[in-house]
Amino acid sequence: MTQAVEFDPFSPEALADPGTAYGALRAACPFHHRPADGTNPDFYVLSDHAEIRSEVLADNPIWSFRFGNAMKDSISDIGFKTDGAFHAAFRQVVQRGLTPPAVRALRPRIEAIVDECIDVMLAIPGGRGDFYTLLALPLPARMMCLMLGAPEADYQNYKRWSDTLQFLTFGDPQPGSYETVLKEIYPHFTALIEARRALLAQAGIEEPDLTHLGSVLPDDFMSRALISTVEGRRLTHEEILNICLAFLTGGQETTTNLIGHLMRRLLEDPERWEKLKAEPDLIDNAVEESLRFDPPVLAHFRTGLQPTTVHGLDVPERAKLMFSICGANRDPSVFPDPDTFRIDRPLPQAKQHLSFGAGVHFCLGAPVARLEARIVLEKLIERLPSLRLLGVGERVRTWMYWGHTGLDVAWN
Ligand code: HEM
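Residues numbered from 1 in each chain as written. Predicted model: local features only at pLDDT ≥ 70, side-chain atom pairs only at ≥ 80, totals over all residues.

Novice: What is the right way to look at the overall build of the chain in this model?
Specialist: Scanning the chain from terminus to terminus reveals 18 helices and 12 strands. In terms of overall dimensions, the chain is globule-like: its C-alpha atoms have a radius of gyration of 21 Å, near the 22 Å expected for 412 residues. Each of the 412 residues in the chain was classed as buried or not, and the buried ones make up 41%. When contacts within the chain are restricted to residue pairs at least 6 apart in sequence, those whose partners lie at least 24 apart make up 70%. (Helix = DSSP H or I, 4+ residues; strand = E, 2+ residues; numbered from the N terminus. Rg over C-alpha atoms; globule rule 2.2 N^0.38 Å. Buried ≥ 20, exposed ≤ 12 C-beta atoms within 10 Å, placed from the backbone. Contact = placed C-beta atoms within 7 Å.)

Novice: Looking at this structure, how should I read the site of the ligand?
Specialist: Around the ligand sit 24 residues in total, of which Gly-251, Thr-254, Gly-357, Cys-363 and Gly-365 are the nearest. Every element with two or more residues in the shell around the ligand is listed here: helix 4 (84–95), helix 12 (237–250), helix 13 (253–268) and helix 18 (366–383). Considered class by class, the residues forming the shell around the ligand number 13 nonpolar, 10 polar and 1 charged. (Near = placed C-beta within 6 Å. Nonpolar A, V, L, I, M, F, W, Y, C, P; charged D, E, K, R; others polar.)

Novice: What am I meant to see in the packing of helix 8 (residues 138–148) against helix 9 (residues 155–170) here?
Specialist: Pairs of packed helices are described in terms of their axes, by the angle between the two and the distance that separates them. Where helix 8 contacts helix 9, the two axes come as close as 9 Å, and the packing angle between them is 100°. Considering their axes alone, helix 8 and helix 9 lie roughly perpendicular with respect to each other. Between helix 8 and helix 9, the contacting residues are Pro-138, Ala-141, Arg-142, Met-144 and Cys-145 on the first element and Tyr-155, Tyr-158 and Lys-159 on the second. Tallied by class, residues from the contact of helix 8 with helix 9 come to 6 nonpolar, no polar and 2 charged. (Axes fitted to C-alpha atoms, helices over the stretch in contact; angles between N-to-C directions. Parallel < 35°, antiparallel > 145°, perpendicular 65-115°, else oblique.)

Novice: Any chance you could explain helix 8 here in plain terms?
Specialist: With 10 of its 11 residues buried, helix 8 lies for the most part within the structure. After helix 8 finishes, the residue Gly-149 shows a positive phi value of roughly 100°.

Novice: When you look at unusual backbone geometry in this model, what are you seeing that I'm missing?
Specialist: Negative phi values dominate among residues other than glycine, just as trans dominates among peptide bonds. One non-glycine residue, Glu-231, lies in positive phi territory at about 50°. In this fold, Glu-231 is placed in the loop between strand 5 (229–230) and strand 6 (233–234). A tally of 8 C-beta atoms within 10 Å means that Glu-231 is categorised as exposed.

Following this line, the structure appears as structure tokens:
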């Protein structure tokens, strides 16, 4: 059944309260066909949790990432925007740097940044400010600089570039505007890559490997890309840039919004905040419930490589399929009482959310985002327990993302 309901992801209601809108669509029509409307192309919306997981995001010959994961095609066949065996091999370049011990080793750096942000908050006379500007935004941006190997002082550029790229990829940009911003970003990354190539040249190393990480080269993901091979060859410059862009765009606004949503939901009902302070063992539950209830990425797209049938409906080749993370996260067969935010939702249940995707393109940065959110809660409970919510800012402008531009908070 596909046409049973009207669904407009661009309506003011869906933009303002996606959980309710996407949840209602899932309940009424888990596979929905949305015809072209003059501005937006024809696409299908799948909200069926089990099917998204087992059919669309698992390794399969039909639903391709090669056309990008936005509504409009952007074919590049580079890096993460690939399918099958090549993609699996390419992922390894980053995945090898994000083993559990490697992620745990980020803890002191994250703690130091959070402490610095809280010091700034505590020094504000009157104890009031925007939680995004003060913490939710600088932490992920600084972490991306640190992980890629850029000076942390660049973090405001990283934030600006990521916002612009996000909007251009998932919004409705002017022709050529994507290329304009890349003209600013690519020279920045190219200079950092060239600096690492120069270090190798100075040391007379032609075939760099793992042993050179942290010795000849700084131990960061840009160096990691230089020492890595994929299918027996070195990565091209474009592939290294693709990794930089994936971190730049994938790791910032998403994590900012995770931290922002989390604090909004905890503070809007002060009993939740009190409960968490009394039972800090619930921190992981609260983080996962926030991801489920307020997914920073509402949905992504895949493109059909061949005709197929979904929920009994024939779907043509090159169909655009939107998998609704937000809708799937409200599935009552997986999450009882899905429209209630429960900080004590059992962890194994809450973790079934699809907010980091699933399957072959599952988010590589998920453990980093989770650790950042966890440390923010640990530190706020310890150092700013009197935090309270005064107001929520504007919605972010990219319709497929869910978050706000500010959170007005106060503390004693
Ligand atoms: C709360 C924070 C985050 C959310 C909600 C999030 C969400 C996602 C989602 C939904 C995908 C799957 C895309 C798809 O299948 O179309 C993804 C992939 C990815 N994410 Fe994240 N992400 C977050 C943080 C991060 C961080 C911190 C990093 C980097 C350290 C990162 C790097 C990546 C990369 C490289 C991929 C591509 C994986 C692949 O294609 O194989 N993400 N993310």
